[in-house]
Amino acid sequence: MASLITCPHCGTRPKEEFTIRGDAAPRRPGSADRDEAWYAYVYIRDNPKGRILEYWHHAGGCRRWLVVDRDNLTHEVFGVVDAADFQRTEAAE
Amino acid sequence: MTSYRLDAGGAINRAQALSFSFDGRNYKGLQGDTLASALLANDQMLMGRSFKYHRPRGPVTAGSSEPNALLTIGSGARSEPNARATTVELYQGLVAASQNRWPSLKHDIGAVNSLLSPFLGAGFYYKTFMWPAAFWEKLYEPLIRKAAGLGKLALEADPDRYEKAWAHCDLLVIGAGPAGLMAALVAGRAGLRVILADEGFRPGGSLLSESVSVAGLAAVDYAGGLVSELSSLPNVTLMPRTTVFGWYDDMVFGAVERVQKHVASPSPELPVERLWRIVAKRAILASGAEERPLVFGGNDKPGVMTATAARTYLNRYGVAVGGKVAVFTNGGSGYRTAADLAAKGVEVTAVIDARAQSADVAPAGIRVIRNAGVVATNGRHRIDGLLLERAGFEEVIGCDALAMSGGWSPIVHLMCQRGTKPVWSEESQAFLAPNVGNSFVAAGSAAGVETISECLRDGAAKAASLASELGFAAHGANLPDVEGEYDASFAPVWYVPGAKDKAFVDFQNDVAVSDLGAAQREGFRHIEHTKRYTTVGMATDQGKLGNVNTAGIVAAMRGVSPAEIGTTTFRPFYTPVSFGALAGAAQGEHGAPVRTSPLHGWAKKNGASFVEAGLWYRSAWFARDGEKNWRESVDREVLSVRANAGLCDVSTLGKIEIFGAGAAEFLDRIYCNGFLKLPVGKARYGLMLREDGIVFDDGTTSRLGEHHYVMTTTTAYATDVMTHMEFCAQTFWPELDVRFVSVSDQWAQMSLAGPKARIIMSRVVQDDLSDAAFPFLAARAVTLRGGLKARLFRISFSGELAYELAVPAGYGEAVADAIMEAGRDEGICAYGVEALNVLRIEKGFITHNELDGRTTADDVGLGRMMAMQKPDFIGKRLSTRFGLTAADRLQLVGLKPVEPEKQINAGAHLLKEAAKPSLANDQGFVSSACYSPALGSFIALAMLKSGRERVGERIVVWDALRGMEVPADVCAPVFVDAENAKLHV
Ligand SMILES: [Zn+2]
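Residues numbered from 1 in each chain as written. Chains lettered and ligands numbered in written order. Predicted model: local features only at pLDDT ≥ 70, side-chain atom pairs only at ≥ 80, totals over all residues. Heavy atoms only, no water.

Looking at the overall build of chain B
Right, on to step 1. The number of helices and strands found in chain B is 22 helices and 53 strands.
Right, on to step 2. By the compact-globule yardstick of 30 Å for 985 residues, chain B is too spread out, its C-alpha radius of gyration being 38 Å.
Right, on to step 3. Along the longest, intermediate and shortest principal axes, the C-alpha atoms of chain B span 115 × 70 × 55 Å.
Right, on to step 4. Looking at chain B as a whole, 58% of its 985 residues qualify as buried. (Helix = DSSP H or I, 4+ residues; strand = E, 2+ residues; numbered from the N terminus. Rg over C-alpha atoms; globule rule 2.2 N^0.38 Å. Buried < 20%, exposed > 50% of the residue type's maximum accessible area, 1.4 Å probe, protein only.)

Looking at the coordination of the zinc ion
All names here are of chain A.
Right, on to step 1. Each protein donor to the zinc ion is listed here as C7 (SG), C10 (SG), H58 (ND1) and C62 (SG); together their distances run 2.0 to 2.3 Å.
Right, on to step 2. Taken together, the four donor atoms coordinating the zinc ion span angles of 106 to 115 degrees at the metal, a pattern that classifies the geometry as tetrahedral.
Right, on to step 3. Coordination of the zinc ion draws on donor residues from a single chain, spaced C-x2-C-x47-H-x3-C in sequence. Linking C7 in strand β1 (residues 4–7) with H58 in the loop between β4 (51–57) and β5 (65–71), this pair joins segments that are 51 residues apart in sequence. A single burial state applies to C7 and to H58, both of which are buried. (Donors = N, O, S within 2.8 Å, 3.2 Å for Na, K, Ca; no water. Tetrahedral: all angles 85-135°; square planar, octahedral: opposite > 155°, others 65-115°.)

Here we look at the interface of chain B and chain A
Right, on to step 1. Opposite the 29 residues of chain B that make contact, chain A presents 28 residues.
Right, on to step 2. Contact between chain B and chain A buries roughly 2,700 Å² in total, counting both sides, with carbon and sulfur atoms accounting for 57%.
Right, on to step 3. Applying the counting criterion to the chain B and chain A interface returns five salt bridges.
Right, on to step 4. When the shortest N-O distance is used, the salt bridge between R28 of chain A and D872 of chain B registers 2.7 Å. (Contact = heavy atoms within 4.5 Å. Buried area = accessible area lost by both parts, 1.4 Å probe. Salt bridge = Lys/Arg side-chain N within 4 Å of Asp/Glu carboxyl O.)

Thoughts on the UniProt feature "domain: Aminomethyltransferase C-terminal" (unreviewed entry) in chain B
Right, on to step 1. The sites that UniProt annotates as "domain: Aminomethyltransferase C-terminal" (unreviewed entry) are residues 891–977 of chain B.
Right, on to step 2. Each end of residues 891–977 of chain B is marked by a C-alpha atom, and these two atoms are 21 Å apart; helix forms 0% of the span and strand 49%. (UniProt positions renumbered as here; feature names shortened; annotations may be inferred.)

Focus: the sheet that holds strand β35 (residues 608–613) of chain B
All names here are of chain B.
Right, on to step 1. Taken together, three strands build an open sheet; the order of strands is β34-β36-β35 and the sheet is mixed. Strands with a single pairing partner mark the edges of an open sheet, and in this sheet they are β34 (595–596) and β35.
Right, on to step 2. In the sheet, β34 pairs with strand β36 (residues 616–622) via two bridges, with the strands oriented parallel. Directly across from T596, in β36, lies its bridge partner Y617.
Right, on to step 3. Against the sheet, helix α21 (residues 833–843) engages β35 and β36, with an angle of about 75 degrees to β36. (Pairing = 2+ DSSP bridges. Axes fitted to C-alpha atoms, helices over the stretch in contact; angles between N-to-C directions.)

A short note on the packing of aromatic side chains
Residue and element names in this part refer to chain A.
Right, on to step 1. One pass over the full model with this rule turns up 28 aromatic pairs over all chains.
Right, on to step 2. A centroid spacing of 5.6 Å and a plane angle of 40 degrees characterise the contact between Y39 and Y43, whose relative ring orientation is tilted. With Y39 and Y43 both in helix α1 (residues 35–43) and four residues apart, the pair spans about one turn of that helix.
Right, on to step 3. Exposure remark for Y39: the relative accessible area of 48% places this residue in the partly exposed category. (Phe/Tyr/Trp six-rings, centres within 6.5 Å; stacked < 30°, edge-to-face > 60°.)

So, the sheet that holds strand β50 (residues 924–932) of chain B
Residues and elements named next belong to chain B.
Right, on to step 1. An order of β48-β51-β50-β49-β52-β53 is seen for the six strands of this closed barrel, with the pairing classed as antiparallel. On average, each strand axis in the sheet is tilted by 45 degrees relative to the strand beside it, whichever way the strands run.
Right, on to step 2. Pairing analysis gives eight bridges linking β50 to strand β51 (residues 937–945), with the strands arranged antiparallel. When the bridges of β51 are listed, C930 appears paired with I939.
Right, on to step 3. Set on the sheet, α21 makes contact with β50 and β51; between it and β50 the angle comes to about 115 degrees.

Considering the pattern of salt bridges
Residue and element names in this part refer to chain B.
Right, on to step 1. Taken as a whole and judged by the stated rule, the model has 65 salt bridges over all chains.
Right, on to step 2. A salt bridge links R669 to E665; its shortest N-O distance comes to 2.7 Å. Pair noted here: R669 and E665 are both in helix α17 (residues 663–670), with a separation of four residues, about one helical turn.
Right, on to step 3. Using a relative accessible area of 26% as the deciding quantity, one classes E665 as partly exposed.
Right, on to step 4. Beyond isolated ion pairs, a larger network of salt bridges with shared partners links R55, R57, D300, D501 and D510.

Some words on the side chain of Q749 of chain B
Residue and element names in this part refer to chain B.
Right, on to step 1. If you trace the backbone, Q749 turns up in strand β43 (residues 747–753).
Right, on to step 2. Q749 sits in the buried class, given a relative accessible area of 3%.
Right, on to step 3. Ignoring sequence-local partners within four residues, the contact set of Q749 consists of L599, C648, D649, V650, S651, K655, T712, F793, E804, L805 and A806.

Quick notes on a nonpolar patch on the surface
Right, on to step 1. Taken together, the side chains of Y39, Y43 and I44 of chain A present a nonpolar region at the surface, about 310 Å² in accessible area.
Right, on to step 2. Accessibility expressed as a relative area gives 44% for I44 of chain A, which makes it partly exposed. (Patch = residues over 30% accessible without salt bridge, like charges linked within 9 Å, V, L, I, M, F, W, Y side chains within 5 Å. Areas by Shrake-Rupley, 256 points an atom, 1.4 Å probe, with all protein chains shown as cover.)

Some remarks on helix α20 (residues 812–823) of chain B
Right, on to step 1. Look at α20 of chain B: 16 Å from first C-alpha to last across twelve residues, which is about the 16 Å you get at 1.5 Å a residue.
Right, on to step 2. Residues of α20 of chain B that are buried make contact with α15 (600–605), β37 (645–649), β43, α19 (757–762), β46 (802–808) and β47 (828–830) of chain B. (Expected span 1.5 Å × (residues − 1).)

Remarks on the state of the cysteines
All names here are of chain B.
Right, on to step 1. Inspection of every chain in the model, using the stated rule, returns zero disulfides over all chains.
Right, on to step 2. No disulfide involves C930; its sulfur sits 12 Å from that of C971, the nearest cysteine.
Right, on to step 3. Relative accessible area serves as the criterion here: at 9%, C930 is assigned to the buried category. (Disulfide = S-S within 2.5 Å.)

Quick look at the domain arrangement of chain B
All names here are of chain B.
Right, on to step 1. What the domain assignment lists for chain B is domain 1 (13–118), domain 2 (162–289 + 410–483), domain 3 (293–406), domain 4 (604–652 + 747–839), domain 5 (654–742) and domain 6 (885–984).
Right, on to step 2. Look at where the C-alpha atoms of domain 2 and domain 3 centre, and you get two points 31 Å apart.
Right, on to step 3. The partner domain 3 presents six residues to the seven residues of domain 2 that form the contact.
Right, on to step 4. At the boundary of domain 2 with domain 3, the tally comes to one salt bridge.
Right, on to step 5. Close ionic contact of R311 with E210 constitutes a salt bridge, the shortest N to O distance being 2.9 Å.
Right, on to step 6. Joining domain 2 to domain 3, the criterion identifies four residue pairs in polar contact (both at pLDDT 80 or more).
Right, on to step 7. Residue composition of the side of domain 2 that touches domain 3, grouped by class: three nonpolar, two polar and two charged. (Domains from an automatic or database assignment. Polar contact = N/O pair within 3.5 Å; in protein donor to acceptor, adjacent residues only side chain to side chain. Nonpolar A, V, L, I, M, F, W, Y, C, P; charged D, E, K, R; others polar.)

Quick look at unusual backbone geometry
Residue and element names in this part refer to chain B.
Right, on to step 1. Of the consecutive residues P572 and F573, the connecting peptide bond is found in the cis state with omega at 5 degrees.
Right, on to step 2. Of note in the backbone geometry, N82 takes a positive phi value of approximately 60 degrees without being a glycine.
Right, on to step 3. Note that N82 resides in strand β7 (residues 80–84).
Right, on to step 4. Judged by relative accessible area, N82 falls into the partly exposed class, the value being 23%.

Re the nonpolar core
Residue and element names in this part refer to chain B.
Right, on to step 1. If you look at the biggest cluster of nonpolar residues, it comprises 49 residues, and the most contacted ones within it are L35, L71, I73, L94 and Y313.
Right, on to step 2. Considering each element in turn, this core owes the most residues, six residues, to helix α1 (residues 35–41).
Right, on to step 3. Here this core spans two domains, since at least three of its residues come from each of domain 1 (13–118) and domain 3 (293–406).
Right, on to step 4. The next biggest cluster of nonpolar side chains, apart from the first, holds 41 residues, and it includes L185, V236, I284 and A443. (Core = buried A, V, L, I, M, F, W, Y, C linked by side-chain atoms within 4.5 Å.)

This is how it looks when you write it as structure tokens:
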């Protein structure tokens, strides 16, 4: 029926404006990385219950990809950041 | 006269009589009545037939938990089945009809099911109708469905409007009884934005039906005072006739407001129902408590109802439910009902108390029978007496109504909808609301509080506490004195032993205690299994009356506490919600929007037949006089393009405008072929892969400026490609300076193809279009004669000399008209996607028929496009893995039937000659097929195992669906102008 996501650009919006892509943890390997790394990146996903980082796309809003930190059991949301910022932060670490 | 309207009293307007009809007979009620109270005032206790056994039934409640008094309201397209007469607000001209009876409510043939009841108990579906299996679908099921059922849906389209809306508040109060009203008042006075929603048409809850005085006023008048103060507060929104039906994530509540369900002819200016999503910082559940029925033999007959219901009809509606009323109780509520009835001059024949002793006192002169139980009721369409048993002795008591009270269950449904179960309390002998955090709390009798004064206090306290959490200074209200309250405590009686008739737990689904016993004996012991085996709690009332009794009875049968049995899962909706409300405005074209191209009008006036492609309507062919079928039109269009010229609408292609210093690099990474060296003013065909190495989509991208590109995608993948590009740009390479925007709807785009294309286009475009000045794959801004700026691309999907012209969408039709005019002498025609498809199959160009999510670039003959020298592109790494490069993969080939007139169909499979059809012998499949007027033959594109090395081989096209086997020769996938001579002219 409804739930809400707070887009860092648009504010609190209903979930119908978003599409979900899934786990945001896997990183795209480099082109020279081993086959196993690519295989894992393309095909293998954990299916965790609980707190997870997920890609959400604000398709009906600013069209930015977001990383939502939430509990997929209770839908408690701990934070939402723009995916580009998330990537930059990860790259810096 | 058994039930009747009293001469005075009640929250009804005696000056305003309302006419209505029930089963074709006319009645009069009063403003303020529900349909049920008006029928009772007219001595109409029989209101329905039960689901399975067709037993006569009357109302058992005066509210939204009603399982029996389900009627069809309205007529024609506006008729609504299964409406609860106990909540339907009476209006002038209301038309009501009973359900599940034939030929009439009083004489119902289906009642013969009652005689069959030994065979219709729990699990009867599984046991009785097992053999022979073939009889089930054809005979048993239709018969059972005909005999068992409720109201019938109107088959006409709903003429009414519905809408959806959002609301936001600091505090949502659910229920406008004493706790809810006081909570809203305290919060409203403190300045919170408050929404007070109540399912009824008049706020007040139990204050409307209890005979107490509050602050020296009748309770109903005190409620009126609270409501008028709330109405005066600008920060408080009162929402009567609004059922909050669901609690969702992030404190979003779903509610349905019945805006015009209480008028005979709804105004078209307003919706009849409005679906609300209410976002609340805090919420208070003040939904009250449900009085439990007692479970005894014959407890379902018309005239048996809860004590609260009898009291509500009496005090709120001024209706005596009987002339001689008996009371059967295990607590104070029964005594209060007896007292209220006696005070209004209604005869109370006996108060039967299941308890051996209690402090409750009946009014003077009324016989109290303690330690006794009712074991049967007499009468058919209405009870005319009851049989009680006390210490082994039976006694018949005359009565025409029986008020029963089995104790109380807080209404905690909403709080349990998100996975938290209610908690059994030994002390209260009830399931109480679970703790779901500080944002959503129960107040009043929903929180297990019993008296009106306690409810008022609890509502005020909870609201003050939530207000201060939100930073508001809340002052407790001055709580009024309440006089004449009663002690509502009770001693649980789950089941009255010695029943001489069926003792019902779930009235609406006709589930009796014996069914619960059968479920336990037969191993369906978990409460969720018991529920499904017996269907207890699965009716439209979702077991509001029966579920707690079920838990208690099953617990007693197994000798454990109800805590151990627990409850079944609570889910939205609290009460049924109409599909109209859920659909809202999304009906008809608003439900499935139609996308029309900017050239739709042009296509229409040129005689197009349209085909749905997703939401799009695309012009499929343009029939001319004398053409007998679509093939004749398509053949003509194809030949006309090959001989002269044709104009086709390609506006539905996805179009993405790309800017930025990093745009070239970005394109180079998302396409498998190279884009860095694409010169300004040129278009290039591009192939996108998925990360797994499979082809994703194709299209052309043109460089309009140093840092400016425009891309086209296929119609079907326009959204997916855009989303994919955004994901790549934002998550993989945020450092790239690239921006893009979809402009699919901003441009009208048309393809002019054929040997005469240049002559015609030159009449419309100012610029020099000679082959030297505007060669194959040229792409740049041009000016139309008349001055309009446009974009011209020399690209071809037909193999002919062709141009795609893009103009701002609003100019599309005028420009297409101008081209048709300019080409008239050259033999131009309009052509549609069918001819487009034939033209591209003849040239061996691929679409998503070939790019079906399984093919690699090499499979479709585009392997050499892959720029493997690039450091990276999407799909590069996995495109070379084992399996995607195997020699026996399916490869794109052409097929020509040995006999040209033999049709080949897409989807047919390929076999070696003389091979038996089997998975092992499968050689591939036909991906696209058509009749080629240029060749005078059917032709096809196919994906064939190791296809490229099998050119010249004869194979069999096997089409089991149509029963066809066609021998065909494998050829290269290009049938017309293999040298591309026609492109470069
Ligand atoms: Zn946004």
